[in-house]
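# Observations on chain architecture
Each chain, written out:
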Amino acid sequence: MGSLSVLDYIVVLLYLAVTLFIGVWVSRYIQTGREFFLAGRTLPWWAVGVSLVATDIGGTDIIGVGGAAYRYGLAVGNFEWIGCVPAMIVGAFVFIPHFWRSGVTTIPEFLEKRFDVSVRTAVAICWLLFMACNIGVMLLASAKLMEALAGWPVAWTIVGIAILVGFYTFSGGLAAVVYTDALQGLLMIAGCGLVVGLGLYELGGITGLRDAVVAAGAESAQVTVNTKEHFRLVLPVDTTSPFPWTGILFGLAFITSPAYWIGNQAIVQRALGARSEFEAKASYVWGALLKNLIPFIIVIPGMIALAKFPNLADADQALPKLIGSLMPAGGKGIFLAAFMAAMMSSVDSYLNSATTIFTNDIYLRFLRPTADERRLLFVGRTITVLLSIWGIFFAFLLSQSDAGIYAIFQTLMSFFNGPAFAVLLAGLVTRGVNRYGALSGFLIGVLTAVSLYLLNNPTVCEYLKSKPLFQISDPFLYYSIWAFLATWVVMLVVSYWTESEPSEKLAMSLRATRAEAAT
């Protein structure tokens with residue numbers, strides 16, 4: 001990215017100062033646990049919508065998507081268009097209003113109302129463990145990228161980001177997270193949009209970009225596909241790109257995306273804090289509209305980098321190289337602030353949501369059911385501090401390993417993401433699945449994902465003298481798909497042979513709600 005000027009640092013410091021100001025300003029209105037975890041249900045739709053987008057797009061996504069676009073082109077944008085927008089629209093009009101009306105704070109809490117406490121606890125523990133560890137993953141990844149972009153020391157960056165994010169999350173809870181995310185999301189869009197505008201202007205517009213990319217493909221060792229496919233969204237099954245239409249449709253659109261936008265506590269919690277059911281819907285629709293813009297500002301820069309620098313040894317250096325080439329003094333600071341905004345919005349989301357799950361689904365449910373709002377506020381803030389410290393420790397622990405931390409944690413998430421979504425979906429759209437089926441299905445689904453991982457592990461395959469189940473590296477998406485299907489089969493079979501749920505449990509399903517509304 002090159003050296004930063006004084007003006008660049010002024011821009012970055014100004015962004016950090018405004019972020020801290022928002023956290024302190026919001027903290028004046030936080031007096032109870034309800035206000036800390038759900039912002040007292042006072043959040044406006046526009047802030048929640050931008051926060052949804054900012055939470056989903058982290059700093060590592062900006063770099064990683066840019067690198068993937070450098071190699072494979074516009075088809076990467078399907079992870080936003082197909083992988084986000086449809087699920088957000090369906091969530092807005094079907095699922096999110098139902099969660100909001102039920103008055104719950106967490107998704108596991110809803111599962112207890114529909115099934116029982118064992119289902120709630122199993123899902124809550126899985127999400128809590130993943131979120132707590134993912135805080136450390138994101139801190140380490142962010143610090144490494146800041147080292148590459150600006151030369152900042154990894155250790156100091158880990159501690160600095162953790163303290164900064166931990167401070168405003170501790171102070172203002174969900175409200176501080178959402179309002180700072182709103183600032184960070186707008187800054188991210190502006191910073192990346194500036195890169196696109198300058199890059200297209202230098203290349204002579206879309207036509208110039210197309211001609212330059214086609215020409216650059218013949219020179220680049222990173223590009224292993226026909227560069228004419230760089231401008232195609234729908235790729236055939238036999239494409240050499242990892243994004244054929246079959247994988248995008250069946251793997252991403254049908255399971256992974258809905259599981260993320262409908263069953264992920266870090267996402268849904270924002271809509272639960274909206275000040276009305278209508279604004280909860282509107283926040284998802286607004287976020288979906290913004291999502292249509294995101295591929296242009298994070299995918300196009302990777303293609304511009306290919307046109308300008310076709311001989312990069314590492315595709316993930318595409319965006320840093322482009323920034324260093326395009327941005328004048330002050331412009332690098334804008335992008336660096338945008339990049340930091342993307343990083344911080346992801347860390348604060350998982351920090352706040354992990355705190356919410358622990359406090360509501362563990363502490364309040366088992367340790368102190370009679371705790372008042374003041375006590376819950378104290379516990380929430382205490383857990384925020386402890387999780388921040390844990391995140392720092394875990395980030396330093398991971399820094400000693402050479403393992404691919406993203407693949408590891410995507411794999412760990414795939415162990416329960418598919419089963420958890422299957423259970424949630426069954427509770428929402430069916431009346432036949434009961435608590436026995438839900439718990440056994442979830443556990444068998446997790447076991448299925450773990451078993452597939454082990455049977456695909458080279459060490460295990462060597463011991464068993466067998467071939468790996470999958471021919472691609474890190475096939476965590478397939479673990480989720482098969483675990484999802486296994487969960488459904490077990491839920492239906494076990495529920496058929498056991499007693500049905502009482503009417504008050506079935507009343508939590510969408511079918512019961514619609515039937516009641518019709519009468």
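Report on the accompanying structure. Note that residues are indexed from 1 along each chain, following the sequence as it is written. For this predicted model, a pLDDT threshold of at least 70 governs which residues receive local features, and a threshold of 80 or more governs which side-chain atom pairs are given and counted, while totals over whole chains, interfaces and linings are taken from all residues. Note: side-chain values were computed over all heavy atoms of the structure, leaving out hydrogens and water.

Another aspect to go through is helix α17 (residues 331–367). Strands here are runs of E lasting at least two residues and helices are runs of H or I lasting at least four, both read from the DSSP assignment and numbered beginning at the N terminus. Multiplying 1.5 Å by the helix residue count minus one yields the expected span of that helix. Taking 1.5 Å of rise per residue, 37 residues should cover 54 Å, and α17 covers 51 Å from first to last C-alpha, within 8% of that figure. Each residue's exposure class comes from its accessible area (1.4 Å probe, protein chains only) as a fraction of the maximum for that residue type: buried when under 20%, exposed when over 50%, partly exposed otherwise. Of all 37 residues in α17, 31 are buried, a share of seventy percent or more.

This part is about the environment of Ser-257. Here Ser-257 is to be found in helix α11 (residues 245–263). The sequence separation of Ser-257 and Ile-82 amounts to 175 residues, and the corresponding C-alpha distance is 8.4 Å. Any two residues having at least one pair of non-hydrogen atoms within 4.5 Å are treated as being in contact. Contacts of Ser-257, omitting those with residues within four sequence positions, involve Ile-82, Gly-83, Cys-84, Ala-87 and Leu-252.

Membership of the largest hydrophobic core comes to 166 residues, with the highest contact counts inside it found for Phe-99 and Tyr-284. Ignoring any residue separated from it by four or fewer positions in sequence, one finds Tyr-284 in contact with Leu-52, Met-88, Gly-91, Ala-92, Ile-96, Trp-261, Ile-267, Val-268 and Ala-271. Ranked by size, the runner-up nonpolar core spans six residues in total, among them Phe-415, Ala-449, Phe-470 and Ala-483. Only buried residues count toward a nonpolar core. Its members are Ala, Val, Leu, Ile, Met, Phe, Trp, Tyr and Cys residues joined through side-chain atoms within 4.5 Å.

The next point concerns the environment of Val-493. Note that Val-493 resides in helix α22 (residues 476–496). Counting along the chain gives 56 residues from Val-493 to Gly-437, while the straight-line C-alpha distance between them is 7.4 Å.

A few words now on the pattern of salt bridges. Note on definitions: salt bridges are taken to be side-chain nitrogens of Lys or Arg within 4 Å of carboxyl oxygens of Asp or Glu. Counted according to the given criterion, the structure contains eleven salt bridges. Close ionic contact of Glu-202 with Lys-308 constitutes a salt bridge, the shortest N to O distance being 2.3 Å. In this pair, Glu-202 sits in helix α9 (residues 154–203) while Lys-308 sits in helix α15 (residues 300–308), placing the two residues 106 residues apart along the sequence. A salt bridge links Arg-275 to Glu-279, with the shortest nitrogen-to-oxygen separation between them at 2.7 Å.

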